[in-house]
Every structure is written in structure tokens, then in C-alpha cells.
Amino acid sequence: MTTEPAQPPLVALFVTCLVNSQRPAVGFATVKLLEQAGFRVEVPPDQTCCGQPPYNNGLTDEARRIAKLQIQVLEPYDWIVVPSGSCAGMISVHYPHLFENDAHWQERARRVASKTRELAAFLAQQGVRFAPGPDTPTATAHHTSCSCRRETRSHTQADGLLQDCLQDQLKPFAEPEVCCGFGGTFSAKFDALSARMGSQKLDSIEAAGARTVVSADLGCLLHLQGLALRQQRDLQFRHLAEVLADAEPQRENKRP
Amino acid sequence: MNTVERFIETLTANAAHVSCIRQLDEAIPLIERFMQEKALPPRLHLSPALQREWPVSNGITLSHGTTDGTHKLCASRAWAGIADTGTLVLLSGPDNPTRLNFLPDYHLVFLRKDQIVADKKAIWQKLEQQGALPRAVNFISGPSRTADIEQTIALGAHGPRFLWVFVEG
Amino acid sequence: MIQRDARQFIPNSEQALQDTTLQTALARAKSGFLGKRRKAIALVDDFEFLKQQAQAAKQRALDNIPALLDQFEHNLNAAGGQLHRAATPDDLNRIVLDICQRRQAKIITKGKSMVSEETHLNTALEQAGLDVVETDLGEYIIQLAKEPPSHIIAPAVHKTRQAVAELFRHHHALGERDLNEISNLVEEARQMLRQRFLAADVGITGANLLVASTGSIAIVTNEGNGDLTATLPPVHIVTASLEKLVENLEDAGAILEVLGRSATGQAMSAYTTFFTGPKRPSELDGPEEMHVIVLDNGRSDILQSEFAAMLRCIRCGACLNHCPVYSNVGGHAYGSVYPGPMGSVLTPLLEGLNQGHVLPNASTFCGRCAEVCPMGIPLPDLLRKLREQEHRQQLDSTGWRMVLRFYSWLATRPRWFHLAMRAITFTQRLLRDASGTRLRVPFSNGWNRQRELPAAPDATPFLQQWQKQQERKP
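Residues numbered from 1 in each chain as written. Chains lettered and ligands numbered in written order. Predicted model: local features only at pLDDT ≥ 70, side-chain atom pairs only at ≥ 80, totals over all residues. Heavy atoms only, no water.

## Structural notes on the overall build of chain B
Within chain B, the secondary structure is distributed over 5 helices and 12 strands. Since a compact globule built from 169 residues should have a radius of gyration of about 15 Å, the 16 Å found for chain B is in line with a globular shape. Buried residues in chain B amount to 60% of all 169 residues. Relative to all contacts within chain B whose residues are 6 or more apart in sequence, the contacts with residues 24 or more apart total 73%. Taking the average place of the 17 positive charges on the side chains of chain B and the average place of its 17 negative ones, the gap between the two points comes to 2 Å. (Helix = DSSP H or I, 4+ residues; strand = E, 2+ residues; numbered from the N terminus. Rg over C-alpha atoms; globule rule 2.2 N^0.38 Å. Buried < 20%, exposed > 50% of the residue type's maximum accessible area, 1.4 Å probe, protein only. Contact = heavy atoms within 4.5 Å. Lys, Arg positive; Asp, Glu negative; His and termini not counted. Charge placed at Lys NZ, Arg CZ, Asp CG, Glu CD.)

## Regarding the packing of helix α4 (residues 60-74) of chain A against helix α20 (residues 398-411) of chain C
Geometrically, a packed helix pair is captured by the angle between its two axes and the distance between the axes. Closest axis-to-axis distance for the α4 of chain A/α20 of chain C pair is 9 Å, and the angle between their directions is 20°. Overall, the two elements α4 of chain A and α20 of chain C adopt an arrangement that is roughly parallel. Two packed elements cross with a definite hand, and for α4 of chain A against α20 of chain C that hand is left-handed. Counted together, E62, I66, L69 and Q70 of chain A of α4 of chain A and R405, S408 and A411 of chain C of α20 of chain C form the full contact between these two elements. (Axes fitted to C-alpha atoms, helices over the stretch in contact; angles between N-to-C directions. Parallel < 35°, antiparallel > 145°, perpendicular 65-115°, else oblique. Left-handed = near helix turned anticlockwise from the far one by under 90°.)

## Some thoughts on the sheet that holds strand β7 (residues 235-241) of chain C
All names here are of chain C. Read across the sheet, 6 strands follow the order β1-β10-β7-β4-β2-β3 without closing on themselves; strand pairing throughout is parallel. Both edges of this open sheet fall to β1 (82-86) and β3 (131-134), since each of them pairs with a single strand only. The sheet shows a mean angle of 20° between the axes of neighbouring strands, taken without regard to direction. Its contacts with the sheet put helix α5 (residues 89-102) on β1, β2 (107-110), β4 (202-205), β7 and β10 (289-295), and the angle it makes with β10 is roughly 170°. (Pairing = 2+ DSSP bridges.)

## What to know about the arrangement of the chains
Counting contacts across all 2 pairs of chains that touch, the top pair turns out to be chains A and C. Nowhere do chain A and chain B come into contact; their C-alpha atoms are at least 20 Å apart.

## A short note on helix α9 (residues 161-171) of chain C
Residue and element names in this part refer to chain C. For α9, the complete set of buried residues consists of V164, A165, L167 and F168. The buried residues of α9 occupy an angular sector of 160° when projected down its axis, which confines them to one face. In this structure, α9 carries Q162, E166 and H170 as exposed residues pointing more than 90 degrees from its buried face. Tucked into the core, α9 has its buried residues touching α8 (137-144) and α10 (182-199). (Arc of directions from axis to C-beta.)

## A few points about the sheet that holds strand β8 (residues 236-239) of chain A
Residue and element names in this part refer to chain A. Reading across the sheet, the 3 strands line up as β6-β7-β8 and stay open at both edges, with parallel pairing between neighbours. The open sheet is flanked by β6 (140-142) and β8, the only strands paired with a single partner. For this sheet, the mean inter-axis angle between neighbouring strands, taken without regard to orientation, is 25°. As judged from the 3 bridges shared by β6 and strand β7 (residues 212-215), these two strands associate in the parallel manner. What sits directly across from H142, in β7, is V214. Helix-sheet contacts for helix α9 (residues 155-166) involve β6 and β7, and the interaxial angle to β6 is about 165°.

## Comments concerning the packing of helix α5 (residues 85-98) of chain A against helix α6 (residues 103-115) of chain A
Residues and elements named next belong to chain A. Relative to each other, α5 and α6 sit at 165°, their axes nearing to 8 Å. The orientation of α5 relative to α6 falls into the category roughly antiparallel. Considering how the two elements wind past one another, α5 and α6 form a crossing that is left-handed. Note on element contacts: α6 touches α5 through Q106, A109, R110, V112 and A113, opposite I91, S92, Y95 and P96. Across the contact of α5 with α6, the residue classes tally to 6 nonpolar, 2 polar and 1 charged. (Nonpolar A, V, L, I, M, F, W, Y, C, P; charged D, E, K, R; others polar.)

## Section: the nonpolar core
L127 and F139 of chain B together with F9, I217, F274 and V292 of chain C are the most contacted members of the largest nonpolar core, which has 112 residues in total. At 7 residues, helix α12 (residues 249-263) of chain C tops the list of elements feeding residues into this core. Grouped together as the second largest cluster of nonpolar side chains are 57 residues, V11, A37, A195 and L218 of chain A included. (Core = buried A, V, L, I, M, F, W, Y, C linked by side-chain atoms within 4.5 Å.)

## What to know about the pairing of strand β3 (residues 61-64) of chain B
Taken together, the 4 bridges between strand β2 (residues 43-46) of chain B and β3 of chain B define a ladder with parallel strand orientation. Following the sheet pairing, H45 of chain B is matched in β3 of chain B by S63 of chain B.

## Observations regarding the packing of aromatic side chains
Each aromatic ring pair is summarised here by two numbers: the centre-to-centre distance and the angle between the ring planes. For the structure shown, the criterion picks out 25 aromatic pairs over all chains. Aromatic side chains Y407 of chain C and F417 of chain C sit 6.0 Å apart centroid to centroid with 70° between the ring planes, which places their arrangement in the edge-to-face category. One end of the pair, Y407 of chain C, is in helix α20; the other, F417 of chain C, is in helix α21 (residues 414-431), and 10 residues separate them in sequence. For the pair Y407 of chain C and F417 of chain C, a shared accessibility class is recorded, and that class is buried. Put simply, the rings of F34, W54, Y106, F110, F162, W164 and F166 of chain B touch in pairs and so form one group of aromatic residues. The ring of W105 of chain A carries R108 of chain A above its face, with NZ or CZ at 4.2 Å from the centroid. One cation-aromatic arrangement involves R451 of chain C over W447 of chain C; the distance from NZ or CZ to the ring centre is 4.3 Å. (Phe/Tyr/Trp six-rings, centres within 6.5 Å; stacked < 30°, edge-to-face > 60°. Lys NZ or Arg CZ within 6 Å of the ring centre and 35° of its normal.)

## Quick look at empty space enclosed by the protein
Residue and element names in this part refer to chain C. By the definition in use, this model includes 7 cavities of 30 Å³ or more. Of the voids in this model, the largest cavity is the one considered here, and its volume is about 130 Å³. Considering the residues around the largest cavity, the lining is formed by 17 residues, among which C323, P341, A362, S363 and C369 are closest to the centre. Among the residues forming the lining of the largest cavity, the class breakdown is 11 nonpolar, 5 polar and 1 charged. (1 Å grid on protein atoms, 1.4 Å probe; cavity = no way out; pocket = protein on both sides within 12 Å on 5 of 7 lines; lining within 4 Å. Points joined across faces, edges and corners; volume = space filled by probe spheres on them.)

## Topic: the interface of chain B and chain C
Listed per partner, the contact involves 49 residues of chain B and 68 residues of chain C. Both faces considered, chain B and chain C share a buried interface measuring about 4800 Å² in area, 55% of it formed by carbon and sulfur atoms. Its largest share of buried area at the contact with chain C, chain B owes to R135, E150 and H158 of chain B, together 20% of the area lost on that side. In this assembly, chain B and chain C are joined by 7 salt bridges. A salt bridge links E150 of chain B to R28 of chain C, with the nearest nitrogen and oxygen atoms 3.3 Å apart. Seen at the junction of chain B and chain C, the total is 35 residue pairs in polar contact (both at pLDDT 80 or more). Across the side of chain B that touches chain C, the residue classes tally to 21 nonpolar, 17 polar and 11 charged. Bridge count between strand β9 (residues 136-140) of chain B and strand β9 (residues 271-275) of chain C: 5 bridges; the pairing is antiparallel. In the sheet register, N138 of chain B faces β9 of chain C, and the bridge partner there is T273 of chain C. (Buried area = accessible area lost by both parts, 1.4 Å probe. Salt bridge = Lys/Arg side-chain N within 4 Å of Asp/Glu carboxyl O. Polar contact = N/O pair within 3.5 Å; in protein donor to acceptor, adjacent residues only side chain to side chain.)

## Observations concerning the domain arrangement of chain A
All names here are of chain A. According to the domain assignment, chain A consists of domain 1 (10-125) and domain 2 (130-249). One C-alpha centre belongs to domain 1, the other to domain 2; they are set 22 Å apart. In this assembly, 27 residues from domain 1 lie in contact with 24 residues from domain 2. Summing both sides of the interface, domain 1 and domain 2 together bury roughly 1900 Å²; the carbon and sulfur share of this comes to 67%. On inspection of domain 1 and its partner domain 2, the count reaches 0 salt bridges. Residue assignment for the side of domain 1 that touches domain 2 shows that the elements contributing at least two residues are α1 (17-22), α2 (24-36), α5 and α7 (119-125). Of the residues belonging to the side of domain 1 that touches domain 2, the class tally is 15 nonpolar, 9 polar and 3 charged. (Domains from an automatic or database assignment.)

## Comments concerning a nonpolar patch on the surface
All names here are of chain C. A cluster of nonpolar residues, F406, W409, W416 and L419, forms a patch on the protein surface that exposes about 470 Å² of accessible area. Looking at the nonpolar patch, the elements that each hand over two or more residues are α20 and α21. By the element assignment, F406 lies in helix α20. (Patch = residues over 30% accessible without salt bridge, like charges linked within 9 Å, V, L, I, M, F, W, Y side chains within 5 Å. Areas by Shrake-Rupley, 256 points an atom, 1.4 Å probe, with all protein chains shown as cover.)

## Notes on the interface of chain C and chain A
At the interface, 64 residues of chain C touch 65 residues of chain A. Both sides together, the interface formed by chain C and chain A hides about 5700 Å², and carbon and sulfur atoms give 61% of it. Applying the counting rule to chain C against chain A returns 7 salt bridges. Put simply, E452 of chain C and R230 of chain A hold a salt bridge, and the shortest N to O gap is 2.7 Å. Run the count over chain C and chain A and you get 25 residue pairs in polar contact (both at pLDDT 80 or more). For the side of chain C that touches chain A, the element with the highest residue contribution is α21 of chain C, accounting for 7 residues. Along the lines of polarity and charge, the residues of the side of chain C that touches chain A split into 28 nonpolar, 21 polar and 15 charged.

Below, the structure written as C-alpha cells:
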């Protein structure tokens, strides 16, 4: 799978198990954005999961086995783009740590890590810009996941992209840096605490006058949406990829 | 802003009172007026170091030595001042009993301008050069305070409620 | 009633979430701490540089602990003080008790010491018939309430002023008086404790730093209670842990630069004192004896382990204040001496994984603790390593272990994994409610006790849809 010099770079979409099973539309929106930006996109069929559930629960050996499979599947590509901060962070930050006692795999993990980007980080790196489109939501709050803020560190890039496309409809809210309480299995193991943290997040979002919540992480979104449904809050939840795919791409999005 | 001005600013921000005097005897009328305003008995307890250089002050009854907590106003001499944090450094010794720093309601500290340094770096060097340290090296940055109830700052928790620094020179 | 058992974190935390008084106190504390720290750091040109200096100073010490302890002992002896090495909490308590009994002490005043909390020193002294008085206002309040501290630097942070007033009315027989203002409460405590300071036979304090090059111990307070405890009684006993050692005064200074700013948002606390030995012959005051007890309690082993970074902790409390878990449940829910992120690492290390294994799970790995830690301790990584140990020792729940093992088995077999994904989306389609927005689940589990399961709009996973699309393409 070598890249012809004349062809645009080849991007692997690592779709994540949550997008794959819960919101396929986010996957298609991501493909659209990557193609708009002038990349060839493939979806490696043997990708499964980044391995966070076992990794964050102490099943490190299992996580290592899962990581090896993803590394094999992803290493032929020029870029790996992930519509999730936490899965991108798992690959780009944690994979190399998983192989601290295995030089061969650590090198392979490092190479894959260096080519892996969270979606917003990748788009911003390509210099793409957006303007509001017909389906662009109004009164929207951007919830940055902790992994986007502290692992992939792509929250300012996502903010920038959203600022362009939402303009004055992007509503700042109190304490954006505080966790929403999802935390993967934490949300089920410590459900009361997780629900309290999520409710606090929804309170500050609503207090800012927002009616739509956008985030680059589907885990946070499903957790917050589940709470909003139970608490009968009038809020819509959309993934960053969907909002950007609905926006009007600017001319400079095309690769030269 | 020079080091002395910075020291006065930071120490004041730490809720201490600062008075600039040219020499020690200028402090006497200030202290007398303060005692009258606060309706305090005109008694002042001095560290032995200060007692030796204290000028005649007929309006104030003086005592000296360490304290058992019965002295409301005590005065000590500092060894250094740190400008960037508004901190006094006092060294214990026969001339400087440490109880005076903590037991009175009002603690008066005398410091010469040339004892004020920019930051703590200089202090560590000065102390290390001394060889063995005195029993207690007290860094004091304002009056006693606590925020243990509802995060609200209250002065005078256990130590002095009022810290008054006289910068001489 | 919240149980003092780290294994009960989940029921404890659920109870804490329902305690409206606690919630009021926690909300107030959080905004107070965060704002003060933010302001203090904004006033510094380069806080990152100060952090690096502090971390380097601490690391130099941790790399050389045995030699530094010897040097500390040598210099402390030269100043007339005495060092005691305590391997276990019981050792420390016994050493303190021996000194108290030799001096025929009756009244003991105490400055704040987390090490003495760790060894449950008060209980040991009280059982021996001694009258122990905590003098830090927060510690005094919780001593009256017979509670453990709920925060490492603000022990009574969970109490409102009304609760404190109630305690004072009950314990101080002072008749009718106005206790509505915080200043009144502080004044009353001052009066009550002043008598005890003057009457005490022994004063016990903690230490923020042990300086090897001078044999000094440093105490940082705002109230001045540490200094009164160390200065007034004829005997001063210091309880400190091994990792408080630093090489010299400059290294001590580097740590002080970040401690106050991270803890209370102060460039320098009201009082920082370096004590070096007891009263000198020519001095007018100071204690006749000074003893420094250095507690190991497993720290020498931690130093050799993958958890060594935890010993860089200077107990500033910033990780507690910024933790979304701590700030929602408070310190008591942890059921351990040290709460919050630092406590969730330390408790299993000090008390054993059997006792502490739940705490490392009580984190979303949001990473804010590591972000604010002035000593650069990678707290989430350490928590994850503890979860790994929990799993290896099979202390995790069997149900979760089975689910995660099965999931991992699937995730290394793409064919099976994608079949399972199809099965999940298919089942979800069957469970959709009439509105199509949520799933009807026939049982209640951790997820849907307080949340809905939002329904997926598609019955087919993305990968299958994508592959079909690709096949249709020419």
C-alpha cells in the first residue's frame, strides 16, 4: 500500500467503536471532511478498538494485544485520523508507553503515534476554515473532553474551527476545563458521581443559553445526552464532525 | 520601583502596617499616639536587642526580656526583609526571644532599609554563610491569620492580630 | 453515617452527594481555593520555572535519602536535638509516648501533622491518659467533632460556620454569646487555646521540610500555632516522614516557592520557621528538648518502586481542590487519612491494596490533578498502575473482569468483534422506545440508574455501511 507521489496522501479513518456502533453518521461526516480537505480516505476493515476499556481498568496485557493489532492495521497509512480525543490520545500518547519493555513494538507504536491526529487537530493542521452552513446549529456550547484538552491538546484548534462556523452562536460557559464525568467505565462503576458531574456540566451549559452541545468525543456526548433525556432537558447533542460537515467549507480547504 | 518600595507594598498587601522613620526615636510619638487611639495601656515590652538602643520615652513604661503572654505590645528587631514576598526574617538568640513574635496582640518590628533584599535567594546564601543556624529562623509575612472556617480570612488566629513594621533609614 | 473504610468509597460517596450541608461547604471551598491559587500564579513571571526548580530539589533529595538522613541526624545532634527513626506507625507512637512519660507530661498541644494522622497518634496518646489538644483551628474543630480531617490543609473544610458555632457552644461552657461571625469563632478559639499553649508539657508538630545541611525542620503555617507549639512547652517533638528531606536551605526555598502558591495562593504563608535544635544556653526561651521522629512506613520501599514519584508530594492539596471527584464528595468519603488524587495513590501504597484498591478507580482520568501538581507527579498514570495491580491480584470485581476479558478477546479478533458490533446494533434497534430516542432496558445497571441509553439512529454499524458503499462504487 505505497503512496504514489502524484496521489494525495492516504488517511486511515480510525472510526472508534462508539462511532461505529452508536453514531455511524459521525464516521461519514469525518470522511466527508477529510475528502473535502483533499485526502484519500480508507477505513481499514480490521480495526477494532483502541483498547482503552481494558487499559484503564488495569488489564494491561490485554490492552497491549489490542494495541498490536491496531498498530499493524494502521501503520501503512500516511495519517491516521480519529474522531475522538480519548481514542486518539490512547494511540498517540499511551501506545508508546505500553511497550516500554519491548523496543521493536515501541518503535512501531511511536511511528503510528506520530501519524495519529484527533480530527480537529488534523483539520486545523491542514489550515481548513469553515463558514456557517444552512444546517449549522445556533446557541451551541462546545464541550471539550479532558483528553482533547490534556492529551491530544487539540481543544484550541477545535475552538478555532467552531468559532469560524458558529460565530456568535458559540456560547462560552463556566468551568469548561472541568470533566463532564464520563470517564469510560467510571460512568457505570461510579454512576451517581458521574451523573452529578454530568448534571453540573449541563447546568452550566444551559445557564450560558446554549441549546446544542457539540463535542469531539462521543463518550461524553452519549453520557450527557443520556442525562439530558432522563432529566428532560431541551438540549441537542452533536459531534464536532457532524457540525463541521454541515458547515460551508472555505475555498482554501482544498489542498493545492 | 526600588527594593524598599516593593517591600513596603508587598508587606502592606500582607495586611501588615508599615511606617518609615529616619531613626528609632521617631517611632516613639507614633507608638504613643497608637496606644491612645486603641486605648491601650502605655506599656511596651522590648527584646533585649532593642532595649539597649531604645531612646528615652517618658510616656511609655518599658520592660524587656521574653514574655509569658501578659505583654500586649512587644517589639523586636529583624535580621532581614524580603521585598518580593513582603517578609521579615527574625533570628532567635539571647537578644531576640522568639516568644515576642507570637504571643503579643501587637507585634512591632524594627528593620533598617539596608537589611531589605530583593528575594529569598540572597537570604539562603546569607544564612548558609552564617554556619550553624540559630535555634529559630522566623519568616513572618503579615499578622496571624486563618481561613479554616468557610475559607474566610480572619486575622489574629493564635499569633499577633497586628503587625507593625518600622523601616529605619 | 460515612464509614472510615476506604473500601466503602461508593456508598460513602453516594451519601456525600445527598448531604446538602456538605455540598454547600464543598462548593464554597472549591471556588475559594481555585481563585486564590490562580491569582497567586498569575503574579509570578514563570511558574513553570519555579515548578522545575522545586521538582529538581526534591528529586536530588529522593535520589540520596539514606545519606541525607544521616547528615540531618549529624547536624541535628550538633544543635542539641535528637533524631528517632520510626519504621512503622506503632514505632512512632511508642517513641512519642516514651518521651511524654519520661517527662511526666499531662497536657500535649499539637500543631497540624498529617504524619500523626497517618499513625493515629492522638488515639495512642489519649489511651495512655494524656490530654491532647489540636491547635490548628481546623484540626481543633474536627477534634471537638471527633472526626478525621477531610482535607490535608483545611481539615474542617466540610464544616459550615453554623456547625462550628454549635460545636463551640457544646464544648466551651461560656454562656450566652454571639457566634454568628467567623471572627467571633476565631476569637473564642484563640482564647480557649491560649491557655492550653501556656500549660502544655509537650508540643508536637509536623514538618514541611527537613534540611540535611543544617539539621533544621521547617514549619509553614498561617495561624502561628505551629510556632507556639514548638516554642512554649519544655519539649518539642516533630513527627515527619522520610520524603520531607531536602539537601540544603536553597532547595528548601525552591519548594517553599511553589508550596504556598499551590496550597493557599500565598507567595509566602504568614509564618515559615526553621527550627534547629532546642534552646541554646544563653537564650531566654525555647524548648529544653527537641526530638525529630522520621517515619518510614513503607516509604523506603515505595522509593524503589514504580510509584517513587509519589514521594515528591509536598501536601499542598492542589490536586484535591481541582479534582472533580473530591470536590463533589469531600474527603471523608475516601475513608482514608489522605483523600483526593494524592490519597488515592498513597492509601493503597501505605495501607495495602486490599484496603485501598477501590480508590484508584475513583477517577475519570481527567488529568487535572497532574496539570496542577507543582511537583509534576503523574497522578493518573500512578492510579492506572494501581488498577493494574488490583487486577493482577484479582481484587477487581469478577463481573467487570469477565466483561473486559471477553471484550478484549473480541477486540483482537476483527471478524468476531464486528459480528458482535452488528449484534449490538441489532439488539439496540429492538430495544428502541416509541419515540426512537432512547432504549428500553429490561434491567437497571450502572449506566441507566440515573441516565437513559440514547438510541442509535442506525441499525448497521459504520464499517458495514461503509463497505457496502465501497462495493457499490465502480
